[in-house]
Amino acid sequence: MQFAPSYVERPPMTAEEEAYNFLLDAICGGRLRKGDRLIAEDIASEIGMSRMPVREAFRRLDAQGLVTLRPNRGAIVSGLDIDELHEVFEMRSVLEGLAIRVAVARIGERQFAALERLLDEMDDYREESAEWVSRHRAFHEYLCSLSGRPRLLKQISALYSLIEAPMRLWLQHVEKPLSARQEHAVILDAIRTGDADKAEAVVRAHIEGTVPELIQFLQSKK
C-alpha cells in the first residue's frame, strides 16, 4: 500500500492496471502459486475484459519476476529459490536502509503518529497472518515514502511483491509471535534519535533478521 496525499485525485484505473492488480493480489495472496499456468483468455473472462490488457499485465509481472512468459503458451507463476530469496532480502535491506537514512530528517511528530497508527493495525491483526503481512508492508512502505524518493519506493515495492506470498505462507504455519510493537518500536526509537547511521543499521538488521527463519521454513516444505 502506498500513501498518496489526500488532495491528489487519482486517475481512473486502466484495464491493464485492473488486470495487473488482480493478478498481483492473487499471487501475493497465495491463490496463484509457483508453477500455476496463466491463460489470458480465462483471466480476461473472469475479470470481464479483453485479452490485450491481461497480456500487458503478464509482461509487467514478467519484468518484476513474478511470472514467466512462454512464447505462444501464456505464462506461469514464478517462484523464488533460496538464493534468489537471499538476493531479494539483501536488496531490500540496502534500499530500505537508504530510504530511512534520507527520511530521518523529514520525520516529525505527525509522521510518527501515522507510523504508530500503522503499528496499532498490525497488532490488531496479529492472529490473522495475511492481514498482518499487508499491514506490515504498509508500515514499511509508508516509512520509506517519507524519504521523498518515489523511484526508490517503486523499487522497494517491487521487491515486496516478490516476497509477500512466501511471507504469508510462512506466517500461516509457524508459531511466530506477531508482535509488531516489540519488533518495530526499535526502528522508531532509532529514528527519533536523529542519527541516520543508527536508523539505517537498525532497519537493515530488522530486515536481514527475517531471512534465516523464513528460509528454514521454506526448505522444510520441500
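These numbers come from a predicted model, not from an experiment. Residue indices follow the written sequence of each chain, beginning from 1 at its first position. It should be noted that, the model being predicted, local features are given only for residues of pLDDT at least 70 and side-chain atom pairs only at 80 or more, the latter also being counted only at that level, while totals for whole chains, interfaces and linings use all residues. Hydrogens and waters are ignored; side-chain quantities use all the structure's heavy atoms.

Observations regarding the overall build of the chain
And step 1. Counting its secondary structure elements, the chain contains 10 helices and 3 strands.
And step 2. Runs of E in the DSSP output that reach at least two residues are strands. Runs of H or I that reach at least four are helices, and both are numbered from the N terminus. Each helix and strand of the chain, ordered N terminal to C terminal, gives the series α-β-α-α-β-β-α-α-α-α-α-α-α.
And step 3. In terms of C-alpha radius of gyration, the chain reaches 18 Å, essentially the compact-globule figure of 17 Å for 222 residues.
And step 4. Overall size of the chain, expressed as C-alpha extent along the three principal axes, is 55 × 45 × 30 Å.
And step 5. Between buried and exposed lies partly exposed: a residue is buried under 20% and exposed over 50% of the maximum accessible area for its type, with that area taken using a 1.4 Å probe on protein chains only. The buried share of the chain, taken over its 222 residues, is 44%.
And step 6. Residues count as neighbours in contact if any of their non-hydrogen atoms are within 4.5 Å of one another. Taking the contacts inside the chain whose residues are at least 6 apart along the sequence as the reference set, 73% of them involve residues at least 24 apart.
And step 7. With residues, only the protein chains shown are counted as cover, and all accessible areas are computed by Shrake-Rupley using a 1.4 Å probe. Summed over its atoms, the accessible surface of the chain is roughly 12200 Å², and 49% of this surface lies on carbon and sulfur atoms.
And step 8. Computed over 30 positive and 36 negative side-chain charges, the inter-centroid distance for the chain is 4 Å. In this description the radius of gyration comes from C-alpha coordinates, and the expected globular size is given by 2.2 Å times residues to the power 0.38. Under this rule, positive means Lys or Arg and negative means Asp or Glu; His and the chain ends count for nothing. The atoms used to mark charge sites are NZ of Lys, CZ of Arg, CG of Asp and CD of Glu.

Section: the nonpolar core
And step 1. The set of buried Ala, Val, Leu, Ile, Met, Phe, Trp, Tyr and Cys residues whose side-chain atoms join them within 4.5 Å is what this entry labels a nonpolar core. In this structure, Leu 143 and Ile 191 are the most contacted members of the largest nonpolar core, which totals 68 residues.
And step 2. Among the elements that make up this core, the one with the highest residue count is helix H7 (residues 150–173) (10 residues).
And step 3. Dropping the residues within four chain positions of it, Leu 143 is found in contact with Ile 100, Ala 103, Ile 107, Leu 115, Ile 187 and Ile 191.

What to know about the packing of aromatic side chains
And step 1. Two rings from Phe, Tyr or Trp (for Trp, the six-membered ring) form a pair when their centres are within 6.5 Å of each other. A pair whose planes differ by under 30 degrees is stacked, one over 60 is edge-to-face, and the rest are tilted. Taken as a whole and assessed by the stated rule, the structure comprises 0 aromatic pairs.
And step 2. Placement of a positive charge over a ring is assigned whenever Lys NZ or Arg CZ falls within 6 Å of the ring centre and within 35 degrees of the normal to the ring plane. Here the basic side chain of Arg 192 rests over the ring of Phe 112, its NZ or CZ set 3.9 Å away from the ring centre.

Brief notes about helix H2 (residues 40–47)
And step 1. Buried within H2 we find Ala 40, Ile 43, Ala 44 and Ile 47. Angular distribution of buried residues about the axis of H2 spans 100 degrees; they occupy a single face of the element. Structural note: H2 exposes Ser 45 and Glu 46 on the side pointing more than 90 degrees away from its buried face.
And step 2. The secondary structure elements touched by the buried residues of H2 are helix H1 (15–28), strand S1 (37–38) and helix H3 (51–63).
And step 3. Downstream of H2 by a residue or two, Gly 48 has a phi angle that is positive, lying close to 90 degrees. Within this analysis, the arc is defined by the directions that extend from the helix axis to the C-beta atoms.

Quick word on helix H4 (residues 82–103)
And step 1. In this scheme, a helix's expected span is set at 1.5 Å multiplied by one less than its residue total. The end-to-end C-alpha separation of H4 is 31 Å, in line with the 32 Å expected for 22 residues at 1.5 Å each.
And step 2. Of the positions making up H4, those classed as buried are Ile 82, Leu 85, Val 88, Phe 89, Arg 92, Ser 93, Glu 96, Gly 97, Ala 99, Ile 100, Val 102 and Ala 103.
And step 3. In the analysis that follows, any N or O atom pair within 3.5 Å is treated as a polar contact, provided that within protein one partner can donate a hydrogen and the other can accept it, and provided that, for residues neighboring in sequence, both atoms belong to side chains. Structurally, the start of H4 carries an N-cap: the backbone nitrogen of Asp 83 is 3.2 Å from a side-chain oxygen of Asp 81.

Details of the layout of surface pockets
And step 1. Any residue with an atom within 4 Å of a point lines the site, the site being either a cavity, points on a 1 Å grid over the protein atoms alone where a 1.4 Å probe fits but cannot get out, or a pocket, an open set with protein on both sides within 12 Å along at least 5 of 7 lines. Grid points are joined across faces, edges and corners, and a volume is the space filled by probe spheres set on the points. Space inside the second largest pocket adds up to approximately 580 Å³.
And step 2. Around the second largest pocket sit 25 residues that line it, and Lys 34, Gly 79, Pro 166, Leu 169 and Leu 218 are the ones nearest its centre.
And step 3. Those elements giving two or more residues to the lining of the second largest pocket turn out to be H4 and H7.
And step 4. Element by element, the count of residues in the lining of the second largest pocket is highest for H7, at 7 residues.

Here we look at the environment of Leu 188
And step 1. Within the fold, Leu 188 resides in helix H8 (residues 180–192).
And step 2. Looking at Leu 188, the relative accessible area reads 2%, which means it is buried.
And step 3. Separated by 21 residues in sequence, Leu 188 and Met 167 have C-alpha atoms that sit 23 Å apart.
And step 4. Setting aside anything within four residues of it in sequence, one finds Leu 188 in contact with Phe 112, Leu 115, Glu 116, Leu 119 and Phe 139.

Considerations on the UniProt feature "domain: HTH gntR-type" (unreviewed entry) in the chain
And step 1. Sites flagged by UniProt as "domain: HTH gntR-type" (unreviewed entry) map to residues 13–80.
And step 2. Within residues 13–80, the helical portion is 51% and the strand portion 12%, while the C-alpha atoms at the span's ends are 29 Å from each other. UniProt positions are given in the numbering used here, feature names are shortened, and annotations may be inferred rather than shown by experiment.

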